[in-house]
Amino acid sequence: MTNVIEVTNLRKTYGATVAVEDISLTVQKGEIFGIVGPNGAGKTTTVETIMGLRRPDSGTVRVLGLDPQTQAEELRQRLGIQLQEASLPDYLKVWEALDLFASFYHQTVPWEPLLAQWGLGDKRNTRFKNLSGGQKQRLFIALALLNDPEVVFLDELTTGLDPQARRATWEMVRAIRDQGKTVILVTHFMDEAEELADRVAIIDQGRLAALDTPQALIQGLQTGSTVRFTSVNGFDAAVLEEVAGVTAVHQKNGSLQAPQITVQGSGPLLSRVAVKLAEYNIAPLDLRVELADLEEVFLALTGHKIRA
Amino acid sequence: MQALTKMTWVELKLKLREPVGTFFTLVFPLLLLFLFGSIYGNEPTAFLGGRGNVDNSVPGYIAMIIGTTGMIGLPIALSVYREQGILRRFRAAPITPGLVLGSQVAVNLIVSLVGMAFLILVGVFVYDLVLPAAPFSTFLAVIMSGFSFLSVGFVLASLLPTATSAQAVGMALFFPMMFLSGAGLPQQILPEKLVAFSQYLPLTYVVNLLQGLWYGDGWNWTAVLVLAGMTVAATAVSVRYFRWE
Ligand SMILES: Nc1ncnc2c1ncn2[C@@H]1O[C@H](COP(=O)(O)OP(=O)(O)OP(=O)(O)O)[C@@H](O)[C@H]1O
Ligand SMILES: [Mg+2]
């Protein structure tokens, strides 16, 4: 069995709000599966229904071959779950949390190494309320890994973390995958999904807008490419319009800065632009291709930006 | 079972780390004992049917501990757990509601029993309190009454949306009962109308049950029936309406 998760025609409403509409997807063993979308898109609803914490209105969900509604306990023995919104008692100490949760599972890994691995080795006697946001986050990850789970759900893992901590967390997510676990990574950061995910499901307004590898999604854009460089005063960038494949040239003049040129087009744009510039004896140090990213994929698919 | 023991132990430690929460269980009854003990002592008086004030009050104070734990302590604790998302996190692990509820029952009973033990010890050493005529039956009655009021606490926690509303409703239920049922004040000082009205307050039955066993009058079967009925009904309601979030 390579499909760890199978979801078909999932629908979930809260009163008049349709949170998830007709989502179908499969997650394969050993992959990092990204779920991205803007706030309120239905990401958390989708994954929490997959975990069995919410009951779908219709559609079927199978995780590790089990029904999350009727076989919840058996299933959760094998899942690692980090929820977007959760908490622990204020006065509970870090080690007590791990010790307590370990008693819920048939099988666990020793929690001391887990604490050390997630940088909480010196916090074992700290009360939950005295942990920083990032430390709480890491405690929840440690709790999610306590039962040596086959499937790990991480919902908004890096929200509230500083950039350095985010990068470090990304490394740790890869480490989880490298242990052979399947990871479901929910995020509204496109760069995070692009960086980590083997495949990405883009959800918008409760619907699945696209599902593929980040590379395929970006290549599928077919917007051509963009070349940028810093020009010199007195150079008329309009001459670049003669270059084969170029569709548009923009020049931005700042009062203090040298002009910034943007060339859009298709084909081997970078080398052609470079050749043309050489004719005018211009060799910009920062001549570069701007790659499309998932943010643009999202914009192209949905017609709006992921963040307002 | 191992999880239940561990959870109960952890909850017990948490209660001790946040002692304000146990004020009404552990400290307040002692304050009443000292207050009225120092005013009225424990000499037998005809007004109290030939009993001393302390002897007359302690079974009521024990009922008060049962009432405050069930109607205020438990619903607030559970609502806070739900409001803060703590229950959500527990539920993501392979546990049943029974584990959370069972550990709450256990820890609240334990703390209540500790409060009662303080009360009895101080009563005996300072005021020469008479001990229950039927100690084992009294203990059974305490446990039974504890279950019935904890099940009411689960109903409050299940039906009320927030910790603030649970606290408000819990107090609105508890304080009239404390004053009218004979738990906090002897019913002998109340006008007859209020005493008659107290028959509609469940805590009155705990007071009646405990006083009967304490003074050697045996089991009050009406009280047993009322409390058992309340336990069954409240458990059914909370099983039906319990929410994790
Ligand atoms: N328990 C709930 N009750 C009512 N409505 C809800 C509930 N949970 C979510 N919703 C609504 O369902 C929609 C989807 O919410 P969901 O939390 O799944 O989005 P999300 O993609 O995870 O968003 P975010 O990035 O903000 O976490 C939103 O409109 C939200 O308001
Ligand atoms: Mg979410």
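Predicted, not measured: the structure shown is a model, and the values here were computed from it.

**Description of the overall build of chain A**
Part 1 of the argument: Scanning chain A from N- to C-terminus turns up ten helices and 13 strands.
Part 2 of the argument: Projected onto its principal axes, the C-alpha coordinates of chain A cover approximately 75 × 45 × 35 Å.
Part 3 of the argument: Counting every atom, chain A has about 14200 Å² of accessible surface; 47% of that belongs to carbon and sulfur.

**Digging into the coordination of the magnesium ion (ligand 2)**
Part 1 of the argument: Taken together, Thr44 of chain A (OG1) and Gln84 of chain A (OE1) make up the full set of protein donors to the magnesium ion (ligand 2), lying 1.9 to 2.1 Å away. Of this pair, Thr44 of chain A sits in helix α1 (residues 43-51) while Gln84 of chain A sits in the loop between β5 (79-82) and α3 (94-102); the two residues are 40 residues apart in sequence, bridging distant segments of the chain.

**Regarding the sheet that holds strand β7 (residues 182-187) of chain A**
Residues and elements named next belong to chain A.
Part 1 of the argument: One open sheet holds the six strands; their spatial order is β5-β6-β7-β3-β8-β9, and the pairing between them is mixed. Each end of this open sheet is capped by a strand with a single partner; those strands are β5 and β9 (207-212). Averaged over all pairs of adjacent strands, the angle between their axes in this sheet comes to 15°, without regard to strand direction.
Part 2 of the argument: Relative to strand β8 (residues 199-204), strand β3 (residues 32-36) is paired through four bridges, and the arrangement is parallel. When the sheet's bridge partners are listed, Phe33 is paired in β8 with Arg199.
Part 3 of the argument: Across the sheet, helix α6 (residues 163-178) is in contact with β3, β6 (151-155) and β7; its angle to β7 comes to roughly 150°.
Part 4 of the argument: Lying over the sheet, helix α10 (residues 294-302) contacts β8 and β9, oriented at roughly 45° with respect to β8.

**A short note on the sheet that holds strand β4 (residues 58-63) of chain A**
Residue and element names in this part refer to chain A.
Part 1 of the argument: The three strands lie next to each other as β2-β1-β4, forming an open sheet whose pairing is antiparallel. Looking at strand neighbours, the two that pair on one side only are β2 (17-28) and β4, the edges of this open sheet. Geometrically, the sheet is characterised by an average inter-axis angle of 15° between neighbouring strands, direction not taken into account.
Part 2 of the argument: The strands that α1 touches are β1 (3-14), β2 and β4; relative to β1, the one it contacts most, it runs at about 120°.

**Some remarks on the site of ligand 1**
Residue and element names in this part refer to chain A.
Part 1 of the argument: Of all residues adjacent to ligand 1, which total 14 residues, the nearest are Gly40, Lys43, Thr44, Thr45 and Gln84.
Part 2 of the argument: The separation between an oxygen atom of ligand 1 and a polar main-chain atom of Gly40 is 2.8 Å.
Part 3 of the argument: Bound to the protein, ligand 1 loses 64% of the 620 Å² it would expose on its own.
Part 4 of the argument: Of all elements in the fold, only β2 and α1 reach the threshold of two or more residues within the shell around ligand 1.
Part 5 of the argument: Looking at which element gives the most residues to the shell around ligand 1, the answer is α1, with three residues.
Part 6 of the argument: In terms of residue class, the shell around ligand 1 is built from four nonpolar, seven polar and three charged.

**Focus on the packing of helix α3 (residues 53-83) of chain B against helix α6 (residues 135-159) of chain B**
Residues and elements named next belong to chain B.
Part 1 of the argument: Closest axis-to-axis distance for the α3/α6 pair is 8 Å, and the angle between their directions is 35°. Seen along the crossing, α3 lies across α6 with a hand that is right-handed. Here Ile62, Ile66, Gly67, Thr69, Gly70, Met71, Leu74, Pro75, Leu78, Ser79 and Arg82 of α3 lie close against α6, whose contacting residues are Val142, Ser145, Gly146, Phe149, Leu150, Val152, Gly153, Phe154, Leu156, Ala157 and Ser158.
Part 2 of the argument: Across the contact of α3 with α6, the residue classes tally to 13 nonpolar, eight polar and one charged.

**Here's the deal with the pattern of salt bridges**
Part 1 of the argument: Applying the stated criterion across every chain yields a total of 22 salt bridges over all chains.
Part 2 of the argument: Residues Glu96 of chain A and Arg17 of chain B are paired through a salt bridge, measuring 2.7 Å at the closest nitrogen-oxygen approach. With Glu96 of chain A in helix α3 and Arg17 of chain B in helix α1 (residues 2-17), this pair bridges two chains.
Part 3 of the argument: A relative accessible area of 3% places Glu96 of chain A in the buried class.
Part 4 of the argument: Between Asp99 of chain A and Lys6 of chain B there is a salt bridge, with its nearest N and O atoms 3.3 Å apart. In this pair, Asp99 of chain A sits in helix α3 while Lys6 of chain B sits in helix α1, so the two residues belong to two different chains.
Part 5 of the argument: Members of the salt-bridge network, linked through shared partners, are Glu48 and Arg54 of chain A together with Arg88, Arg91 and Glu245 of chain B.

**Notes on the nonpolar core**
Soluble, globular proteins show a tendency: their nonpolar side chains are buried together.
Part 1 of the argument: Grouped together as the largest cluster of nonpolar side chains are 58 residues, with contacts concentrated most on Leu88, Leu98, Phe104 and Leu139 of chain A together with Phe90 of chain B.
Part 2 of the argument: Not counting residues within four places of it along the chain, the set of residues in contact with Phe104 of chain A comprises Gln77 of chain A together with Ala3, Met7, Phe90, Ala93, Pro94, Ile95 and Leu99 of chain B.
Part 3 of the argument: In terms of nonpolar packing, the next biggest core, distinct from the first, is built from 46 residues, Ile66, Met116, Val207 and Tyr215 of chain B among them.

**Side note on a nonpolar patch on the surface**
All names here are of chain B.
Part 1 of the argument: Where nonpolar side chains cluster on the molecular surface, the patch consists of Phe34, Leu121, Phe125 and Val126 and spans about 440 Å² of accessible area.
Part 2 of the argument: Counting residues per element, the nonpolar patch draws most heavily on helix α5 (residues 97-127), at three residues.
Part 3 of the argument: With respect to the element layout, Phe125 can be found in helix α5.
Part 4 of the argument: The exposed category is assigned to Phe125, whose relative accessible area is 70%.

**Side note on the confidence of the model for chain A**
Low-pLDDT stretches of the model should not have their predicted coordinates read in fine detail.
Part 1 of the argument: On average, chain A scores 90 in pLDDT, and the residues at 70 or more come to 98%.
Part 2 of the argument: Considering each helix and strand of chain A separately, the mean pLDDT is smallest for α10 of chain A, with a value of 77, and largest for α3 of chain A, with 97.

**Section: the packing of aromatic side chains**
Part 1 of the argument: Scanning the model with the defined rule gives 16 aromatic pairs over all chains in all.
Part 2 of the argument: With centroids separated by 5.1 Å and ring planes inclined at 65°, the aromatic side chains of Phe101 of chain A and Phe104 of chain A adopt a geometry described as edge-to-face.
Part 3 of the argument: Residue classification places Phe101 of chain A among the buried residues on the basis of a relative accessible area of 0%.
Part 4 of the argument: Classification of Phe104 of chain A by relative accessible area gives buried; the value is 5%.
Part 5 of the argument: Relative to Trp221 of chain B, the ring of Trp219 of chain B has its centre 5.8 Å away and its plane inclined at 25°; by these criteria the two rings are stacked.
Part 6 of the argument: Joined through ring pairs, the aromatic side chains of Phe23, Phe24, Phe28, Phe174 and Phe175 of chain B make up one cluster.
Part 7 of the argument: Sitting above the plane of the Phe189 of chain A ring, Arg166 of chain A keeps its charged end 4.3 Å from the centroid.
Part 8 of the argument: For Arg51 of chain B, the ring lying beneath its charged end belongs to Tyr215 of chain B, and the centroid distance is 3.6 Å.

**Things to note about the environment of Ala210 of chain A**
Residue and element names in this part refer to chain A.
Part 1 of the argument: Examined against the element boundaries, Ala210 turns out to sit in strand β9.
Part 2 of the argument: Residue Ala210 is classed as buried on the basis of its relative accessible area of 12%.
Part 3 of the argument: On a C-alpha basis, the gap between Ala210 and Phe298 in space is 8.9 Å, while along the polypeptide they are 88 residues apart.
Part 4 of the argument: Look past the residues within four positions of Ala210 in its chain and what remains in contact with it is Val200, Ala201, Ile202, Leu217 and Leu301.

What counts and what doesn't
Residues numbered from 1 in each chain as written. Chains lettered and ligands numbered in written order. Predicted model: local features only at pLDDT ≥ 70, side-chain atom pairs only at ≥ 80, totals over all residues. Heavy atoms only, no water. Helix = DSSP H or I, 4+ residues; strand = E, 2+ residues; numbered from the N terminus. Areas by Shrake-Rupley, 256 points an atom, 1.4 Å probe, with all protein chains shown as cover. Donors = N, O, S within 2.8 Å, 3.2 Å for Na, K, Ca; no water. Pairing = 2+ DSSP bridges. Axes fitted to C-alpha atoms, helices over the stretch in contact; angles between N-to-C directions. Contact = heavy atoms within 4.5 Å. Near = heavy atom within 4 Å. Polar contact = N/O pair within 3.5 Å; in protein donor to acceptor, adjacent residues only side chain to side chain. Nonpolar A, V, L, I, M, F, W, Y, C, P; charged D, E, K, R; others polar. Left-handed = near helix turned anticlockwise from the far one by under 90°. Salt bridge = Lys/Arg side-chain N within 4 Å of Asp/Glu carboxyl O. Buried < 20%, exposed > 50% of the residue type's maximum accessible area, 1.4 Å probe, protein only. Core = buried A, V, L, I, M, F, W, Y, C linked by side-chain atoms within 4.5 Å. Patch = residues over 30% accessible without salt bridge, like charges linked within 9 Å, V, L, I, M, F, W, Y side chains within 5 Å. pLDDT = per-residue confidence, 0-100. Phe/Tyr/Trp six-rings, centres within 6.5 Å; stacked < 30°, edge-to-face > 60°. Lys NZ or Arg CZ within 6 Å of the ring centre and 35° of its normal.

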